[in-house]
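# Remarks on the overall topology
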Amino acid sequence: MSDNRESWSARSGFILAAIGSAVGLGNIWRFPYVAYENGGGAFLIPYLIAIFAAGLPLLFLDYAVGHKFRKAPPTAYKKLMNSEALGWWQVMVTLVIGIYYASVLSWAGSYMYYSIGQKWGANTENFFFKTYLENGDGLTFGFVPTLFFGLVIVWAVVMFILYGGVRRGVELANKIFMPLLVILFTILVIQAIRLPGATDGLNAFFTPNWDAMKNYKVWLAAFGHIFFSLSVGFGIMLTYASYLNKKANMTGSGVVVALANSSFEILAGIGVFAALGFMAHASGVPVKDVVSGGIGLAFIAFPKIISSMGAGGDLFGFLFFASLVVAGITSMVSILQVPIAAFQDKFGWSKNKAVTIIGGVSAVISIALFSTESAITFVDIIDYFANNIGIVGGGLLSIILVSWFRRPLMAQLQAHVNQYSSIKLGTGWNFLLTVITPLSLLIALLLTIKAIITEGYGGYPTATLWLIGGGVVAFFVLGSVLLSLMKDKTSEEN
């Protein structure tokens, strides 16, 4: 059979796309908060160790499997060790993430518009939850037109890019959006560090709390963040590597991607905390009193900062939310490329058929769920379960099955990567992938499950938490089992 798989036009196209996937909404709003909560400047040490001890080893494993078999996760893992269900687990995770990711992306797009004239008024929290989201009590499914139209626009843009394919869609979008993101965010950071009180914010971000490094939770936070941040363990980098030319320098590309991703995260931390320092200065309170994480930082704290700047805040706000949108689009395209490639490999679908069915069904579900009064509840719970159980579980299984139970495969994958790579994998990679990476993931997964069972999550009623979160995990399990049992074109060809 001839290999007619799409490919990147050059190694640079792959690197840009991989960076585009790694750099997403989480880098801008998640990393600064995680760093601050876990020791500030001291967190950078376990963070950097985690990159080389866990992030890069798993990234290279993803690259090796995807590139060797030139397939998406299900077919690649089937060919590697007859574990197609593991690949479909990762695909199910990306499908779920793509469905809710579009929602947050649409919020950021709406806030680009709201920044002009600072339409959120004095009470940014009330505007976000009550005026914009129309958030109801409990699970309510009232229709919210503003959310509906935002989602339609997001899905239209993402589908347009995906129809272009790997070169004319994914690669071209990253060539446009990634430089644009760097320009937008650099301007934002320059604006932020010139604000009164910016130094206080930067001190809060970078001042090391060495005692924090004695706490195992800080190290778990560093390792956990790296997996989410680098897009490893849930099929994206594996799929992207499958489009590389056969003579590819995978380890060199991986190091570039990891360093670019981390550099952007630190840049994001500088911009965000300089702005928070200004807000603390304007309010006459310590920086710790204005710090909030996740959605609270992006849609409540930042609009407050923008309002504190007067009319000059319009541009700052527009730049911030435009950065979120640009970073989010490249990540969402990479997320959806995984199921699209997987269904193409399994059933022999054309690119357009796969985009239409996968993208279309995802868009319908996304719009139906997240244009309701319970949008924020769905986003929060699904995000927590998809990241902490879906991604961690999929990454852990892929490592354990290869490094613990299929040791000869490690040597084959190592030899494949080393054939053309500038940085050779050796005993260090084997040790990290056999001991350090799986143990860090296993501990993180067990602690998460324990916390959910004993403490719940986010103060949600137990029934709501298990209905949504349990439903997501059930979808991962059932989807991966059922799809792996279905007949595919590869079995007919062999």
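Higher on the page you've got the structure.
Let us look at the structure shown here. (Residues numbered from 1 in each chain as written. Predicted model: local features only at pLDDT ≥ 70, side-chain atom pairs only at ≥ 80, totals over all residues. Heavy atoms only, no water.)

## With respect to the nonpolar core
- Counting 186 residues, the largest nonpolar core has Tyr63, Trp107, Phe128 and Phe299 as the members making the most contacts within it.
- Looking at this core, the element that brings in the most residues is helix α6 (residues 84-115), giving 20 residues.
- The contacts of Trp107, once residues within four sequence positions are left out, are Phe128, Tyr132, Leu133, Leu147, Ile295, Phe299, Ala375, Ile376 and Val379. (Core = buried A, V, L, I, M, F, W, Y, C linked by side-chain atoms within 4.5 Å. Buried < 20%, exposed > 50% of the residue type's maximum accessible area, 1.4 Å probe, protein only. Helix = DSSP H or I, 4+ residues; strand = E, 2+ residues; numbered from the N terminus. Contact = heavy atoms within 4.5 Å.)

## Section: helix α5 (residues 73-81)
- Most of α5 sits inside the fold, with seven of its nine residues counted as buried.
- Residues Pro73, Pro74, Thr75, Ala76, Tyr77, Leu80 and Met81 constitute the buried set of α5.
- Asn82 lies just past α5 and shows a positive phi near 55°.

## Some details on the pattern of salt bridges
- Taken as a whole and assessed by the stated rule, the structure comprises five salt bridges.
- Across the salt bridge formed by Lys78 and Glu84, the nearest N and O atoms sit 4.0 Å from each other.
- Among the salt bridges present, the one from Glu84 reaches Lys346, with a minimum N-O distance of 2.7 Å. On the criterion of sequence distance, the pair formed by Glu84 in helix α6 and Lys346 in helix α15 (residues 313-347) is long-range, its members being 262 residues apart.
- By relative accessible area, Lys346 is classed as buried at 2%.
- Taken together, the salt bridges that share partners define one network made up of Lys78, Glu84 and Lys346. (Salt bridge = Lys/Arg side-chain N within 4 Å of Asp/Glu carboxyl O.)

## Points about unusual backbone geometry
- Backbone geometry at Arg70 places phi at a positive 50°, although glycine is not the residue there.
- Its location among the elements puts Arg70 in the loop between α4 (44-69) and α5.
- Although it is not a glycine, Gln118 adopts a positive phi angle of roughly 50°.
- You can see Gln118 is positioned in the loop between α6 and α7 (124-132).

## With respect to the packing of α4 against helix α18 (residues 407-418)
- Axis separation between α4 and α18 bottoms out at 9 Å; the angle between their running directions is 85°. Here α4 lies roughly perpendicular to α18, going by the angle between them. Of α18, the residues touching α4 (which contributes Phe60, Leu61, Ala64, Val65, His67 and Lys68) are Gln412, Leu413, His416 and Val417.
- In terms of residue class, the contact of α4 with α18 is built from six nonpolar, three polar and one charged. (Axes fitted to C-alpha atoms, helices over the stretch in contact; angles between N-to-C directions. Parallel < 35°, antiparallel > 145°, perpendicular 65-115°, else oblique. Nonpolar A, V, L, I, M, F, W, Y, C, P; charged D, E, K, R; others polar.)

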